[in-house]
Amino acid sequence: MARRGTPHDGTTRDGGMTGAANGSTRQRTRDWKVRSGMGHSLAYRASHTPQPTVVTDLATSVRPRPPSSAEATGAMIRIRSFLDDTSPPTPCLVLDLRTVRERYLQLAWAFGPTESRTGARLCYAVKANPAPEVVRLLVGLGARFDAASVPEIELCLSCGASPDDISYGNTIKKRADIARAHALGVHLFTSDSIDDVSAIAECAPGSSVFCRILLADTGSLTPFGAKFGCSASMAEDLLATAARLGLRPAGVAFHVGSQQPDPGVWDTGIATAADITARLAARGIMLPMLNVGGGLPGQYTQAVPPFASYAAAITASVCRHFDRVRLAAPRVMLEPGRCLVADAGLLRAEVVLVSRKSTVDDRRWVYLDVGRYGGLAETEQEYITYRLETPGRGGPTGPVYLAGPTCDGDDVLYQHTVYELPMDLRQGDPVDFLSAGAYTASYSSVAFNGFPPLVTHCI
Ligand SMILES: Cc1ncc(COP(=O)(O)O)c(C=O)c1O
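Residues numbered from 1 in each chain as written. Predicted model: local features only at pLDDT ≥ 70, side-chain atom pairs only at ≥ 80, totals over all residues.

Student: Quick question: what am I supposed to make of the overall build of the protein chain here?
Tutor: Summing up its helical and strand segments, the protein chain has 11 helices and 18 strands in all. Counting the 459 residues in the protein chain, one finds 50% classified as buried. Long-range contacts, defined as pairs at least 24 residues apart, comprise 71% of the intrachain contacts of the protein chain with a sequence gap of at least 6. (Helix = DSSP H or I, 4+ residues; strand = E, 2+ residues; numbered from the N terminus. Buried ≥ 20, exposed ≤ 12 C-beta atoms within 10 Å, placed from the backbone. Contact = placed C-beta atoms within 7 Å.)

Student: What's the story with the pairing of strand β11 (residues 331-334) in this structure? I'm lost.
Tutor: A regular strand places its side chains so that they alternate between the two faces of the sheet. Bridge count for strand β4 (residues 121-125) against β11 is two bridges, and the pairing is parallel. In the sheet register, Arg121 faces β11, and the bridge partner there is Met333. Both strand β10 (residues 289-291) and β11 contribute to a ladder of three bridges, which runs parallel. The partner of Asn291 across the bridge, within β11, is Met333. In this fold, the crossover linking β10 to β11 by way of helix α10 (residues 307-324) has right-handed handedness. (Pairing = 2+ DSSP bridges. Right-handed = clockwise from strand over helix to strand, strands pointing away.)

Student: What's the story with unusual backbone geometry in this structure? I'm lost.
Tutor: Negative phi characterises most residues that are not glycine, and trans characterises most peptide bonds. Going from Thr90 to Pro91, the amide bond is cis rather than trans, its omega being 0°. Mapping Pro91 onto the fold places it in the loop between α2 (69-86) and β3 (92-95). Phi is positive for Gln381, close to 55°, though the residue is something other than glycine. Mapped onto the elements of the fold, Gln381 is located in the loop between β13 (364-368) and β14 (388-389). Here the phi dihedral of Glu382 falls at roughly 60°; this positive angle occurs in a residue that is not glycine.

Student: I tried to follow the pairing of strand β12 (residues 345-355) on my own but got confused; where do I start?
Tutor: Two strands pair when backbone bridges link them, and β3 and β12 are joined in this way by four bridges, in the antiparallel orientation. When the bridges of β12 are listed, Val94 appears paired with Leu346. Where β12 lies against strand β17 (residues 430-433), four bridges are found, and the strand directions are antiparallel. Across the sheet, residue Glu350 finds its bridge partner in β17, namely Pro430. Note that β12 and β13 share four bridges and pair antiparallel. When the bridges of β13 are listed, Ser355 appears paired with Trp365.

Student: Would you explain the nonpolar core in this entry?
Tutor: Nonpolar side chains in soluble globular proteins generally cluster together in the buried interior. Among the nonpolar cores identified, the biggest contains 127 residues, and Cys156, Ala235 and Val252 are the most heavily contacted of them. The residue makeup of this core includes at least three contributed by each of domain 1 (30-93 + 343-458) and domain 2 (99-341). (Core = buried A, V, L, I, M, F, W, Y, C linked by C-beta atoms within 7 Å. Domains from an automatic or database assignment.)

Student: When you look at the confidence of the model for the protein chain in this model, what are you seeing that I'm missing?
Tutor: Detailed conclusions should not be drawn from predicted coordinates in areas where pLDDT is low. Scored by pLDDT, the protein chain comes out at a mean of 86, with 83% of its residues at no less than 70. Scored below 50 in pLDDT, residues 35-67 makes 72 contacts in the model with residues more than four places away or belonging to other chains. (pLDDT = per-residue confidence, 0-100.)

Student: In this structure, what is going on with helix α4 (residues 132-140)? I would like to understand it.
Tutor: Helical geometry note: an α-helix holds 3.6 residues per turn, so side chains three or four residues apart project in the same direction. Buried within α4 are the following residues: Val134, Val135, Leu137 and Leu138. One side of α4 carries all its buried residues, which in axial view fall inside an arc of 160°. Contacts from the buried residues of α4 go to α3 (97-111), β4, α5 (150-158) and α11 (338-341). Where α4 terminates, the next one or two residues include Gly142, which has phi positive at roughly 90°. (Arc of directions from axis to C-beta.)

Student: What exactly am I supposed to notice about the environment of Ala108 here?
Tutor: Position of Ala108 among the secondary structure elements: in helix α3. Residue Ala108 is classed as buried on the basis of its C-beta count, with 21 C-beta atoms lying within 10 Å. Distance in space between the C-alpha atoms of Ala108 and Arg121 is 8.6 Å, their sequence separation being 13 residues.

Student: Help me understand helix α9 (residues 266-282), please; the structure alone is not making it clear to me.
Tutor: Look at α9: 24 Å from first C-alpha to last across 17 residues, which is about the 24 Å you get at 1.5 Å a residue. Among all positions of α9, only Trp266, Asp267, Thr268, Gly269, Ile270, Thr272, Ala273, Ala274, Ile276, Thr277 and Leu280 are buried. Packed against the buried residues of α9 are α8 (232-244), β9 (248-253), β10 and α10. Just downstream of α9 lies Gly284, where phi reads positive at about 85°. (Expected span 1.5 Å × (residues − 1).)

Printed below as a string of structure tokens:
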């Protein structure tokens, strides 16, 4: 089920090191205490080394700050009135398209007009939420798309995207899928291995290719581990091989890990990319682009910086490092997923059962009709801690374990993170997961234990 991997220490087999190693993140533990209900106050303590569970109340200093409170309030009003008016069966995801639109426009504003010479290219990472309504909306706004598979490419095309605006960004693909993508008109690929580059040269001749480099763990909440990318020296060879095989080397790509709270961590990848670009330029191979991936966050239980901070940090790094190697700045490509859709979504669940394991147990088990397999896959290792609300219940709260409805022992959402829910919470009560628009519907299983996939209502 895991999409992400354990953090990588930054070293590669051929000695390449594409970022500062940060082994401490491997031991990161979180003790959270999240109180929910009408007041939905919030407290947490996050630490990098195991600590005894002492809950510190930091409610005022760590309350998440939405990008614009008016915008967030408007979205919640629209979503809640949809739920009140239609009472849809639960679990379900309600996605506010106006918020997706706002977030896209804010991001485009922060990174410069996409059609100007200096503006970044925004390629929506479809995997974050593949609802056709979202893709159609973004096509209308002039977005490009990062697709992970042929079905995602077909989805984008069916929603009106031009194949020129679709990048096949998955480094792991069958030859037949490369050929199919090429036949559909896609001619931009990302790779990280010689075999894949050879397959692209054979099955999609003349295409453009990014090479993804492997970064050290950068402290993102959902790291990729060591699964993707290669060392800087291998990337240089790979792009030179691509040119030799008749492909067009597009540039270096990297991803700093999803839900990345630190705008400064792009710097290492950009520095490495500038060095690779300069070494290839010296060999007569010019790279016109730089793909800085996704990673911009949604608003969960931690405060995160605004888009402008990411744009400023990334743009400054690009200018500094390409100046350093005496090259013109390349066209920057961004693959935002989570940050465009997370805050647009509310996942409504229902309490199936509240129980205790013994009469002296003061922490209740709250079983919901949605769990890890119904869309909340990112609660694995409690990486993502959603803000919760319990409409209609606002009394005193107490600690709970939160679990899903299946007969699977791993279907537990939070046991280390201590959520507090109202003491009067009962079977049949609604529980809302906020900022749940990303990596939920696309993760839900088709019928694990007979439960149907998560339904999305776009409003
Ligand atoms: C290649 C690639 N680009 C972009 C993204 C989107 O990342 P995020 O949702 O953190 O913006 C992903 C996510 O897995 C990815 O694999």
